[in-house]
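Each chain is listed here by its residues.
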Amino acid sequence: MIKRLIGLCLAAMMLFGAANALAQSQPEWEYPLAPEILKDPGDYIILTNTETLLGADYIPDDLVRVTAKKGAGGEMELRKAANDALNAMFAAAEEDGYTLYVKSVYRSYQTQKTMYYNRLDRYGYDDGLVAFPGSSDHQTGLGVDILNYEWTQKDGMNEKFAAEAEAKWMEQNCHRFGFILRYMEDKEEVTNIKYEPWHFRYVGLEAAAYIMENHLSLEEFTWEWQAYIEEYERNGGDFEELLRERARINYTVIEVTEDGEEELSIYY
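**Student:** Before we move on, could you go through the layout of surface pockets and cite the residues and values that matter?
**Tutor:** For the largest pocket, the calculated volume is near 560 Å³. Mapped onto the lining of the largest pocket, the elements with two or more residues apiece are strand 3 (101–104), helix 4 (109–123) and strand 6 (196–202). For the lining of the largest pocket, the per-class residue count stands at nine nonpolar, seven polar and eight charged.

**Student:** Just give me the short version of the pairing of strand 4 (residues 143–147), but keep the residues and values in it.
**Tutor:** Taken across its five residues, strand 4 has five buried, putting it largely inside the fold. Neither face of strand 4 is open: one carries Gly143, Asp145 and Leu147, the other Val144 and Ile146, and all of them are buried. Bridging between strand 3 and strand 4 involves three bridges; their strand directions are antiparallel. Counterpart to Val102 in the pairing with strand 4 is Ile146.

**Student:** Describe the sheet that holds strand 5 (residues 179–183), with residues and values.
**Tutor:** A sheet is described by the order of its strands in space; here four strands give the open sequence 3-4-6-5, paired in antiparallel fashion. Since the sheet does not close on itself, it has two edges, and those belong to strand 3 and strand 5, each with one partner. Neighbouring strand axes in the sheet, compared pairwise and without regard to direction, differ in orientation by 45° on average. As defined by bridge partners, strand 5 adjoins strand 6 across four bridges and the pair is classed as antiparallel. Bridge pairing in strand 6 links Tyr183 to Glu196.

**Student:** So, the nonpolar core: which residues are in play, and what are the values?
**Tutor:** Among the nonpolar cores identified, the biggest contains 60 residues, and Leu86, Phe179 and Phe221 are the most heavily contacted of them. No other element matches the eight residues that helix 3 (residues 80–95) contributes to this core. Excluding its chain neighbours within four sequence positions, the residues that come into contact with Phe221 are Tyr31, Leu33, Leu38, Ile45, Ala207, Tyr210, Ile211 and Leu216.

**Student:** Describe in detail empty space enclosed by the protein, supporting the description with residues and values.
**Tutor:** Within the structure shown, the criterion is met by two cavities of 30 Å³ or more. Taken as a whole, the largest cavity spans an internal volume of roughly 60 Å³. Forming the boundary of the largest cavity are Thr48, Asn49, Thr50, Ala131, Ser135, Tyr183, Thr191, Asn192 and Ile193. In terms of residue class, the lining of the largest cavity is made up of three nonpolar, six polar and no charged.

Parameters at a glance
Residues numbered from 1 in each chain as written. Predicted model: local features only at pLDDT ≥ 70, side-chain atom pairs only at ≥ 80, totals over all residues. Heavy atoms only, no water. 1 Å grid on protein atoms, 1.4 Å probe; cavity = no way out; pocket = protein on both sides within 12 Å on 5 of 7 lines; lining within 4 Å. Points joined across faces, edges and corners; volume = space filled by probe spheres on them. Helix = DSSP H or I, 4+ residues; strand = E, 2+ residues; numbered from the N terminus. Nonpolar A, V, L, I, M, F, W, Y, C, P; charged D, E, K, R; others polar. Buried < 20%, exposed > 50% of the residue type's maximum accessible area, 1.4 Å probe, protein only. Pairing = 2+ DSSP bridges. Axes fitted to C-alpha atoms, helices over the stretch in contact; angles between N-to-C directions. Core = buried A, V, L, I, M, F, W, Y, C linked by side-chain atoms within 4.5 Å. Contact = heavy atoms within 4.5 Å.

What follows is the structure in structure tokens.
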């Protein structure tokens, strides 16, 4: 017991010292989201549009088969985190009396390219409803089109879907599962994509809550946090070093020694 208490005290002192040293070496981090979220090792907040294109070889390495209800046959895929969140959102909608159906999920660069030029040939101009290849949110494996049953029976989709109860429920609740409404009605000049009340994008719980609460497009969110990091570093901070320091103060584990006593281990 004495050994355990001494270990806990020493650990607390070491953690306090490391945290204090970090605070003295870096400006205070005041952005509403933690720096680890902006570093985003999972690429969940990755932005793609006509100014930030994905390469033809960009293929997520954690795609899984979508098991949620679908509006059409055929195998569909999403990145695992997005798929797990999608299942949770569909289950919650069901509990509230709404049945949702997946319309479209991951699309490769080549599939998007074919869709784009087919539509261009059909109408003779870019009508803003099919993204230019490399700019599609679907290529990230994090974007998903979701409809109610009635709209799965229609040939196309348009902004009138916003009047459906399911669309309203999703816009109000999507952030609870890490999704955002990707192409908002009043953000068309920013996204260069027409209003799509059916298109949701997984970004993670914290980012989704912040984006939807502040009514931001993914473009505006990206510009905002990038500008904050630039300002942070102009004020003497080092963002990459901040991440490394925070990672060093990682976690503690209580281990049992061979003689049965508990021992606190600290991992940096």
